[in-house]
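Breakdown of the fold
Letter by letter, the chains look like this.
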Amino acid sequence: MPLSELPPPMGTTPAAPPGAEPPLLRVLPPGPMSRSWMGRLERVECPMVFEPPGDEPDADAPIVYAAALGSNVIDVDGNRFVDFAAGFGAMLLGHGAQRTARALEMQGRRTWTALGDVFPADAKVAMLERVASIYPRPGARVLLCQSGSDAVTAAIKTAALATGRPGVLAFQGAYHGLGYGPLSACGYRPSFRAPFAPQLNPHVRFAPYPADSAALDASLDAVRRELASGDIGAVIVEPILGRGGCVVPPPSFLPALASLARDAGALLIADEIWTGLGRSGAMLACSRVGVVPDVLCLGKGLGGGLPISACVAPDAIMQAWRTTPGVIHTSTFQGNPLACATGVAVIDTIRVGKLDEKADQSGKAFLELLHNALDGVSCVTRISGAGLMIGIGLSSSRVAAEARRLFLRQGYILLTGGSDGSVLTLTPPLTIPRDLLEGFADCAARVLYKLSDE
Ligand SMILES: Cc1ncc(COP(=O)(O)O)c(C=O)c1O
């Protein structure tokens, strides 16, 4: 037997494979190299990007990424972190996933860009077929876009064309991106909308998102009231609030919403940009409660780290685009071959590896670890989520910002979310090994106990 295959000697812990290693800090983050790179960034980037927003006054100084593999990120100071943010949830397979990297390399030798809607690349056709097959019913059609915000724009336009109605019903606390279409339907943080309010679609209305069954009736009543106006063509919903703090609504919410929308002649748009592709423990979060949306938005993880997104709907709905002659919604990089090639690899890897089912199992195990580790920790107000999108609610945004800073100093990258910024949102790669989840839960107990004392 070759030496490399021998079990480790008794009493020793085998080394974790690259990409699955625990934190290793050489300097306290952010180290001097990160600070130096940030100094350069601050001289050139729009100040809005790096100035901490007013409601996160204690946001920590950033680290600067140098490399990443699997569940690990290495910063420019040589610190190794475990990544519980995973590119805002986009790195479903982890960083540098082999199959995606190979697809990118092979496509890179062929063509990097084609002619969008005029002359497509073969990779775009393969991607269209893969994405269409994710929709729960056969015969779906796909409009490829570049960002989540683009896909939501396409979905809102699709609904307007298909119903002839300008109105959109959205939910408080939900996030759909910041282009003008999605921004008009953004129920997350009023500060995103306020400076641009006069330029936004005036036909958007909001209903409360039900965080639990006690809030369900009030939410559905508000939906009924708004739909009664008769001008709503689109009801847009996140099946689980992502940026809003990993809020899982009662299981009857989406089915009831779908039926109310249908009765009122409006289309149900499921924004699965955060929840989709296995993140929630199922290929689509809608499928967890038996709902088939009229229009589906996918993004984030779809390109394995390259920017691509999709608006998907049955043929009968997509035919509405034909009512106006010519191509009326496209862009230079539409169906970009590099992103399409990586997208095909991502979808195939999720399917072959059953990563959605694995995310469901490891998410349940992670929730249990967190409940056990954080039992009785006074600053923790809730722990909730589905699959590998988990929110730890804390007593205030100040506590959450401080927790994020302390986690970084322990070698864990994570984000804060929730409408008031008081939730730690955890979206690690679906491939994260269990011992890294255990390590995080241990660390969470230490960090959050400490914060409870203060
Ligand atoms: C549910 C949802 N929709 C849309 C978006 C916007 O995506 P993007 O940032 O790629 O424009 C996001 C981003 O976080 C999201 O979570």
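**A closer look at the domain arrangement of the chain**
On domain assignment, one finds that the chain holds domain 1 (19–83 + 354–453) and domain 2 (98–352). On a C-alpha basis, the centroid separation for the pair domain 1 and domain 2 is 27 Å. Each partner contributes residues to the interface: domain 1 has 21 residues there, and domain 2 has 22 residues. Of all the elements in the fold, those that place two or more residues in the side of domain 1 that touches domain 2 are helix 14 (355–374), strand 11 (380–386), strand 12 (389–394) and strand 15 (423–426). No other element matches helix 14, which puts five residues into the side of domain 1 that touches domain 2.

**Section: the site of the ligand**
Around the ligand, 15 residues are found, and the nearest of them are G148, S149, G177, I273 and W274. For the shell around the ligand, the residue count by class is five nonpolar, seven polar and three charged.

**A few points about the nonpolar core**
Nonpolar side chains in soluble globular proteins tend to end up buried together. V235, I269, A310 and C311 are the most contacted members of the largest nonpolar core, which has 133 residues in total. Broken down by element, this core gets its largest block of residues, nine residues, from helix 13 (residues 337–352). Counting contributing residues per domain, this core is built from domain 1 (19–83 + 354–453) and domain 2 (98–352), each supplying no fewer than three. Discounting residues that sit within four places of it in the chain, A310 has contacts with V131, V142, L143, L144, C145, A151, L298 and L302.

**Overview of the sheet that holds strand 4 (residues 140–145)**
The strand order 4-10-9-8-7-5-6 describes an open sheet built from seven strands, whose pairing is mixed. Two strands in the sheet have a free side with no partner beyond their single neighbour: strand 4 and strand 6 (204–207). Each strand axis lies, on average, 20° off the axis of its neighbour in the sheet, ignoring direction. In this structure, strand 7 (residues 232–237) lies alongside strand 8 (residues 267–271), joined through four bridges in parallel fashion. Its bridge partner being in strand 8, A234 is matched across the sheet by L267. Taken strand by strand, helix 5 (residues 122–132) contacts strand 4, strand 9 (295–298) and strand 10 (309–314), and its axis lies near 125° from that of strand 4. Set on the sheet, helix 6 (residues 148–163) makes contact with strand 4, strand 5 (167–171), strand 7, strand 8, strand 9 and strand 10; between it and strand 10 the angle comes to about 25°.

**Considerations on the pairing of strand 3 (residues 80–83)**
On any regular strand, side chains alternate: one points to one face of the sheet, the next to the other face. Summarising the sheet, strand 2 (residues 72–75) and strand 3 pair through three bridges and their orientation is antiparallel. Its bridge partner lying in strand 3, N72 is registered against V82. Here strand 3 pairs with strand 13 (residues 412–413) via two bridges, running parallel. Of the residues in strand 13, the one forming a bridge with D83 is I413.

**What to know about the sheet that holds strand 15**
The sheet built from four strands is open, its strands ordered 11-12-15-14 with antiparallel pairing. Looking at which strands have only one partner, the edges of the open sheet turn out to be strand 11 and strand 14 (415–417). Direction aside, the axes of adjacent strands within the sheet are offset by 30° on average. The sheet contact formed by strand 14 and strand 15 spans three bridges and is antiparallel. Note on strand 15: the bridge partner recorded for G417 is V423. Together, strand 11 and strand 12 form the strand contacts of helix 14, whose direction differs from that of strand 11 by roughly 170°.

**Brief notes about the environment of L183**
Mapped onto the elements of the fold, L183 is located in helix 7 (residues 180–184). Residue class for L183 comes out buried when judged on the 22 C-beta atoms lying within 10 Å of it. For the pair L183 and R193, spaced ten residues apart in sequence, the C-alpha to C-alpha distance is 6.5 Å. With sequence-adjacent residues up to four places away left out, L183 is seen in contact with L178, F192, R193, F196 and L200.

**Concerning helix 16 (residues 434–453)**
Spanning 20 residues, helix 16 covers 29 Å between terminal C-alpha atoms, matching the ideal 28 Å at 1.5 Å per step. For helix 16, the complete set of buried residues consists of L436, L437, F440, A444, V447, L448 and L451. All buried residues of helix 16 lie within an arc of 95° about the axis, which places them on one face of the element. Among the exposed residues of helix 16, those pointing more than 90 degrees away from its buried face are R446 and D453. Turning to helix 16, the residues buried within the fold contact strand 3, helix 14, strand 11, helix 15 (397–409) and strand 13.

**Notes on unusual backbone geometry**
Put simply, P29 and P30 share a cis peptide bond, and its omega is -5°. As for its placement among the helices and strands, P30 is situated in the segment before helix 1 (32–44). Even without glycine at this site, L277 takes up a positive phi of about 65°. Counting through the fold element by element, L277 comes out in the loop between strand 8 and helix 11 (285–288). The class of L277 is buried, set by 29 C-beta atoms lying within 10 Å. In the Ramachandran plot, K354 falls in the positive-phi region, its phi being about 50° despite a non-glycine side chain.

**Examining the pairing of strand 15**
Going residue by residue along strand 15, you find V423 and T425 tucked away on one face and L424 and L426 tucked away on the opposite face as well. Strand direction decides the pairing type here: strand 12 and strand 15, joined by four bridges, are antiparallel. Each residue of the ladder has a partner; that of I392, found in strand 15, is L424. Remark: five residues form the turn of the hairpin made by strand 14 and strand 15, two consecutive strands paired antiparallel; G418 in that turn has positive phi of roughly 85°.

**Examining the packing of helix 5 against helix 13**
Where helix 5 meets helix 13, the axes come as close as 8 Å, and the angle between the chain directions of the two elements is 40°. When the axes of helix 5 and helix 13 are compared, the crossing they make is left-handed. Residues A123, K124, A126, M127 and R130 of helix 5 touch helix 13, and the partners they reach there are P337, C340, A341, G343, V344 and I347.

Rules used in this analysis
- Here, residues in each chain are numbered from 1, in the same order as that chain's written sequence.
- Only residues with pLDDT of at least 70 are given local features in this predicted model, and only at 80 or more are side-chain atom pairs given and counted; all residues enter the totals for whole chains, interfaces and linings.
- By convention here, the domain bounds are inherited from an automatic or database domain assignment.
- Placing a C-beta atom from the backbone of each residue, one calls two residues in contact when those atoms lie within 7 Å.
- Helix and strand definitions here come from DSSP, where helices need a minimum of 4 consecutive H or I residues and strands a minimum of 2 consecutive E residues; each element is numbered from the N-terminal end.
- Here, nearness means that the C-beta atom of a residue, built from backbone geometry, sits within 6 Å of the molecule or strand in question.
- In this classification, Asp, Glu, Lys and Arg are treated as charged, Ala, Val, Leu, Ile, Met, Phe, Trp, Tyr, Cys and Pro as nonpolar, and every other residue, Gly included, as polar.
- A set of buried residues drawn from Ala, Val, Leu, Ile, Met, Phe, Trp, Tyr and Cys, joined through C-beta atoms within 7 Å, is what defines a nonpolar core.
- Here exposure depends only on C-beta density: within 10 Å of a residue's C-beta, 20 or more other C-beta atoms make it buried, 12 or fewer make it exposed, and intermediate numbers make it partly exposed, the C-beta atoms being placed from the backbone.
- Strand pairing is assigned whenever DSSP detects at least two bridges linking the two strands.
- Fitted lines through C-alpha atoms give the axes, limited to the stretch in contact for helices. The angle between two N-to-C directions lies from 0 to 180 degrees.
- Each residue after the first adds 1.5 Å to the expected span of a helix.
- By arc we mean the arc of the directions from the helix axis to the C-beta atoms, nothing more.
- The sense of a crossing depends on the near helix, which, turned anticlockwise from the far helix by less than a right angle, makes the crossing left-handed and, turned clockwise, makes it right-handed.

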